[in-house]
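Report on the structure
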Amino acid sequence: MAQAPALPAGFELPLEPRLPRIGSVDQVAVEERAATLAKRSIKREAKVFALELAIRMTDLTTLEGADTRGKVAALSSKAIRPDPSDPNIPSVAAVCVYPNLVETAVERLRGTTVRVASVATAFPSGQSALDIKVAETRDVVELGADEVDMVIDRGAFLAGRYAKVYDEIVRVKEACGEAHLKVILETGELGTYDNVRRASLLAIAAGADFVKTSTGKIPSAATLPVTLVMLEAVRDVYEETGRRVGVKAAGGIRTAKQAVQYLVLLHETLGAEWLTPDLFRLGASSLLNDILMQLRKEKTGRYQSPDYFTLD
């Protein structure tokens, strides 16, 4: 769906050799394909597999001003054992918290497969000096975060200051060391699918391990068409360079049905190799309970009351 190559105004010459073809996005084609794939039905056995996979791909998230050490500890326990009555339910991929609560998550999750992710770089606005962004990134990594979710400076991007955005991602990636970097585009503020593709490619060229849709802090969050645009950018980079980059869809994903739709989109765009938490994540705070309810229904034939699952 990407058309002829065209480097957007504002990219400085040193960036050109590091960026795959930018192109433009066919809005009608993207939205029609996303809508078609959303209607794809899957058999019961495949649905159970998809729901359990969605759990393994979930970043269980709490990013509220009222977050406490106790809340993060409880959330971490749920991340390890999402359904205490069913030991066969897998753990989630990660717990995502604010920087000041990283130590609590690290302490509770030590020795498990669940990773600790921390937002950084003046989340959710991205409006602070670069030195502060880099320092915050180093701090959360030193505290034990395995993953860093940074936000790009959307103001700079929308003003055409692409080199500034690129350089900031490069610096933050360097500060991450061994930790993985997820770059949040906040696609609801980018305005067009062309900008989503452009920002995705820019982040990947700067070293992102994942590109992420949203902060979850504005009304416009993840959508299937936007995620498809990002998946296609990742596919194009892989085809041209052999480099695998992950995608994280976050914000507004609340039901098991939606989660399965995203997995269908992923499979049909990038194939079975990307059906792993190492390359795809779902960022959510309320999604997990609905998946657990649907799994219980698929396995027992009976709907389970929401009262049987803890509120996150």
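Before reading on, note that the structure itself is shown above.
An account of the accompanying structure is given in this report.

Calculation rules
Residues numbered from 1 in each chain as written. Predicted model: local features only at pLDDT ≥ 70, side-chain atom pairs only at ≥ 80, totals over all residues. Heavy atoms only, no water. Core = buried A, V, L, I, M, F, W, Y, C linked by side-chain atoms within 4.5 Å. Buried < 20%, exposed > 50% of the residue type's maximum accessible area, 1.4 Å probe, protein only. Contact = heavy atoms within 4.5 Å. Salt bridge = Lys/Arg side-chain N within 4 Å of Asp/Glu carboxyl O. Helix = DSSP H or I, 4+ residues; strand = E, 2+ residues; numbered from the N terminus. Pairing = 2+ DSSP bridges. Right-handed = clockwise from strand over helix to strand, strands pointing away. Axes fitted to C-alpha atoms, helices over the stretch in contact; angles between N-to-C directions. Phe/Tyr/Trp six-rings, centres within 6.5 Å; stacked < 30°, edge-to-face > 60°. Parallel < 35°, antiparallel > 145°, perpendicular 65-115°, else oblique. Left-handed = near helix turned anticlockwise from the far one by under 90°. Nonpolar A, V, L, I, M, F, W, Y, C, P; charged D, E, K, R; others polar.

**Notes on the nonpolar core**
If you look at the biggest cluster of nonpolar residues, it comprises 91 residues, and the most contacted ones within it are Ile169, Val183, Phe280, Leu282 and Ile291. In this view, Val183 contacts Met150, Ile152, Ile169, Ala203, Ala208, Phe210, Val211 and Lys212; residues no more than four positions away in its chain are not counted. With seven residues, the next largest nonpolar core counts Leu63, Cys96, Ala117 and Phe123 among its residues.

**A short note on the pattern of salt bridges**
Evaluation of the coordinates by the stated rule reveals 26 salt bridges. The salt bridge involving Asp59 is made with Lys248; its shortest N-O contact spans 2.8 Å. One end of the pair, Asp59, is in strand 1 (residues 58-61); the other, Lys248, is in strand 7 (residues 246-250), and 189 residues separate them in sequence. Of the two residues, Asp59 and Lys248, neither departs from the other in class, the shared state being buried. For Lys297, the salt bridge is made with Glu298, and the minimal N-O distance between the two is 3.8 Å. Using a relative accessible area of 25% as the deciding quantity, one classes Lys297 as partly exposed.

**Here we look at the pairing of strand 8 (residues 280-284)**
The element strand 8 is largely enclosed, with a buried count of five among its five residues. Burial of strand 8 is two-sided: the residues Phe280, Leu282 and Ala284 facing one way and the residues Arg281 and Gly283 facing the other way are all buried. Pairing analysis gives three bridges linking strand 1 to strand 8, with the strands arranged parallel. Bridge pairing in strand 8 places Thr58 opposite Leu282. One ladder, built from four bridges, connects strand 7 with strand 8; its direction is parallel. Counted as the bridge partner of Lys248 is Arg281 from strand 8. Regarding topology, helix 10 (residues 256-270) serves as the crossover connection from strand 7 to the parallel strand 8, and that connection is right-handed.

**Looking at the environment of Leu37**
As for its placement among the helices and strands, Leu37 is situated in helix 1 (residues 27-38). A relative accessible area of 3% means that Leu37 is categorised as buried. Taking the C-alpha atoms as reference points, Leu37 and Leu265, separated by 228 residues in sequence, lie 6.3 Å from one another.

**Observations concerning the sheet that holds strand 7**
Taken in spatial order, the eight strands line up as 1-2-3-4-5-6-7-8 and close into a barrel, and their pairing is parallel. Going from strand to strand, the sheet's axes swing by 25 degrees on average, the running direction of each strand aside.

**Quick word on the packing of aromatic side chains**
Evaluation of the coordinates by the stated rule reveals three aromatic pairs. Here Tyr98 and Phe123 contribute two aromatic rings whose centre-to-centre distance is 6.1 Å and whose plane-to-plane angle is 75 degrees, an arrangement assigned as edge-to-face. Taken together, the residues span a long stretch of sequence, with Tyr98 in the loop between strand 2 (94-97) and helix 4 (102-109) and Phe123 in the loop between strand 3 (115-120) and helix 5 (130-142) at a distance of 25 residues. For Phe123, a relative accessible area of 12% puts it in the buried group. With a centroid separation of 5.1 Å and 75 degrees between ring planes, the pair formed by Phe157 and Tyr162 is classed as edge-to-face. With respect to burial, Phe157 and Tyr162 carry one shared label: buried.

**Side note on the environment of Glu32**
Structurally, the position occupied by Glu32 is in helix 1. A relative accessible area of 53% places Glu32 in the exposed class. For Glu32 and Pro225, which are 193 residues apart along the polypeptide, the C-alpha to C-alpha distance reads 8.5 Å.

**A word on the packing of helix 5 against helix 7 (residues 162-176)**
At a minimum axis distance of 8 Å, the contact between helix 5 and helix 7 shows a crossing angle of 25 degrees. With respect to their mutual orientation, helix 5 and helix 7 come out roughly parallel. In terms of crossing hand, the pair formed by helix 5 and helix 7 is right-handed. Contacts between helix 5 and helix 7 involve Leu130, Asp131, Lys133, Val134, Thr137, Arg138 and Val141 from the former and Glu168, Arg171, Val172, Ala175 and Cys176 from the latter. Of the residues contributing to the contact of helix 5 with helix 7, the split by class is six nonpolar, one polar and five charged.

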